[in-house]
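Each chain, written out:
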Amino acid sequence: MYRIGFCSHTFIFTLLTFLAYANQINAGSPPVVLWHGMGDSCCNPLSLGRIIKVLQKNLGNDSYVKSLQIGKSFEQDVKNSFFMNVNLQVKDACNQISVDPKLSSGYNAIGFSQGAQFLRAVAQRCPYPPMLHLISIGGQHQGVFGMPRCLYSSHKWCEYIRLVLNKEAYAKWVQNSLVQAEYWHDPIKESDYIKGSNFLADINNERVINKNYRDNLLKLRNFIMVMFTNDTMVIPKESEWFAFYSPGQDKEIMPLEQTVSYLTDRLGLKVLEESGRLHFLSVPGNHLQFSEEWFLNEIVSKYLKE
């Protein structure tokens, strides 16, 4: 009797182990969340729509890719990338992610241009469900000091925003209504930036230290930052590697490792790098110009297939 019972328990344990393994195989790669850049939309067939197809093709037919749409339509999504308060956008994104059952066990995140720092805010503010890998492609993590041409030249709003930022970037009404003002970083008026920045100074822990931001960022398995070496849209391009101008001028770049943020480790970037989880990739070319081959080899194969 004992021997039969032992065999039965062994069989059940083996069966459960097999089923768990089978479920793990069937689950495939973790789902992916995307966030687009300025002037783009969640599903533009020439940009993120194409990325979605590439991911689904290479991660398997059962793979799940969620491209965040902020607003009720593609048109609203584009407009909101210019004029909707970033903190409200992040709150919306957190809600979309939290109520999606397909993301409940965790997800990988890829942000393109400004969508990258927005997804970092999601990682820092909304740790459940967990973000596994954060992949920043051309993100401006130390902000920008210069408003170049739009990625899509047809957007008439660009010139208007450029004029406003040059004069009133830290006025409350500008911070509340112009997305690009919320990550406008004036190194010559550093105190004005820290005091007036509605979004970036907060998520970079430059005004007060939010321990949760640091703790949540340290939960990432990897934080990958991609810089475009010939970028003419992001000024300075080194912001894509979390570097920026030295305070008080706009000529010399201070590497991340020399910044107060890194040396005091107020965001956990030093710990991430020392543990081998902070990665710096570079791509020759202008903003968001990368080949499918590079994307598959350097991003999909290394970080999205598990």
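Higher on the page you've got the structure.
Now for a description of the structure that goes with this document. (Residues numbered from 1 in each chain as written. Predicted model: local features only at pLDDT ≥ 70, side-chain atom pairs only at ≥ 80, totals over all residues. Heavy atoms only, no water.)

For the protein, the count of helices and strands is 13 helices and eight strands. Here the protein holds 306 residues, and the buried ones make up 54% of them. Split by element, the accessible area of the protein, about 14800 Å² in all, is 58% carbon and sulfur. (Helix = DSSP H or I, 4+ residues; strand = E, 2+ residues; numbered from the N terminus. Buried < 20%, exposed > 50% of the residue type's maximum accessible area, 1.4 Å probe, protein only. Areas by Shrake-Rupley, 256 points an atom, 1.4 Å probe, with all protein chains shown as cover.)

It is worth spelling out the sheet that holds strand E1 (residues 32–35) at this point. Read from one edge to the other, the open sheet built from six strands follows the order E2-E1-E3-E4-E5-E8, with strand pairing classed as parallel. Only two strands of the sheet have a single neighbouring strand rather than two, namely strand E2 (65–67) and strand E8 (278–283). On average, adjacent strands in this sheet sit at an angle of 15° to one another, irrespective of strand direction. When E1 meets strand E3 (residues 107–112), the two strands line up parallel, connected through four bridges. Bridge assignment links Val33 to a residue of E3, and that residue is Ala109. Contacting E1, E2 and E3, helix H4 (residues 86–98) crosses the sheet at an angle of about 160° to E1. (Pairing = 2+ DSSP bridges. Axes fitted to C-alpha atoms, helices over the stretch in contact; angles between N-to-C directions. Contact = heavy atoms within 4.5 Å.)

Let us now look at the side chain of Asn286. Take Asn286: it is sitting in the loop between E8 and helix H13 (292–304). Exposure remark for Asn286: the relative accessible area of 15% places this residue in the buried category. Side-chain polar atoms of Asn286 contact the backbone nitrogen of Thr232, separated by 2.8 Å. (Polar contact = N/O pair within 3.5 Å; in protein donor to acceptor, adjacent residues only side chain to side chain.)

Here Tyr128 and Pro129 are connected by a cis peptide whose omega angle stands at -5°. Relative to the elements of secondary structure, Pro129 occurs in the loop between helix H5 (114–125) and strand E4 (131–137). The amide bond that connects Ile235 to the next residue, Pro236, takes the cis arrangement and shows omega of -5°. Tracing the backbone through its elements, the reader meets Pro236 in the loop between strand E5 (222–228) and strand E6 (244–245). Backbone geometry places Ser113, a non-glycine residue, at a positive phi of 55°. Within the secondary structure layout, Ser113 lies in the loop between E3 and H5.

Attention now goes to the side chain of Ser239. Among the secondary structure elements, Ser239 is positioned in the loop between E5 and E6. Those residues in contact with Ser239 that lie beyond four places of it in its chain are Gly139, Gln140, His141, Gln142, Gly143 and Phe244.

What follows concerns helix H2 (residues 48–59). Here H2 spans 16 Å end to end across 12 residues, near enough to the 16 Å set by a 1.5 Å rise per residue. Buried within H2 we find Leu48, Gly49, Ile51, Ile52, Val54, Leu55 and Leu59. Elements in contact with the buried residues of H2: E1, E2, E3 and H13. Phi for Gly60, located one or two positions after H2, is positive at around 110°. (Expected span 1.5 Å × (residues − 1).)

The geometry of H4 relative to H5 is characterised by a closest axis approach of 10 Å and an angle of 65° between their N-to-C directions. Crossing angle aside, the handedness with which H4 passes H5 is right-handed. On H5, the residues that touch Val86, Asn87, Gln89, Val90, Ala93, Cys94 and Ile97 of H4 are Phe118, Ala121, Val122 and Arg125. A class-by-class count of the residues in the contact of H4 with H5 yields eight nonpolar, two polar and one charged. (Left-handed = near helix turned anticlockwise from the far one by under 90°. Nonpolar A, V, L, I, M, F, W, Y, C, P; charged D, E, K, R; others polar.)

The next thing to look at is the packing of aromatic side chains. This structure, assessed with the given rule, holds 11 aromatic pairs. Ring geometry for Phe244 against Tyr245: centres 5.3 Å apart, planes inclined by 65°, an arrangement best described as edge-to-face. The buried category is assigned to Phe244, whose relative accessible area is 4%. Relative accessible area serves as the criterion here: at 12%, Tyr245 is assigned to the buried category. Between Phe290 and Trp294 the ring centres are 5.5 Å apart and the planes differ by 55°, which places this aromatic pair in the tilted class. Residue Phe290 is classed as partly exposed on the basis of its relative accessible area, which comes to 23%. What links up through ring pairs into an aromatic cluster is the set Trp35, Phe118, Tyr183 and Phe199. (Phe/Tyr/Trp six-rings, centres within 6.5 Å; stacked < 30°, edge-to-face > 60°.)

Structurally, Ile299 can be placed in helix H13. Take Ile299: its relative accessible area is 0%, and that puts it in the buried class. Along the primary structure Ile299 and Val226 are separated by 73 residues, whereas in three dimensions their C-alpha atoms are 10.0 Å apart. Excluding its chain neighbours within four sequence positions, the residues that come into contact with Ile299 are Ile110, Ile135, Val226, Leu281, Trp294 and Leu304.

Treat this as a map of the structure, not an account of what it does.
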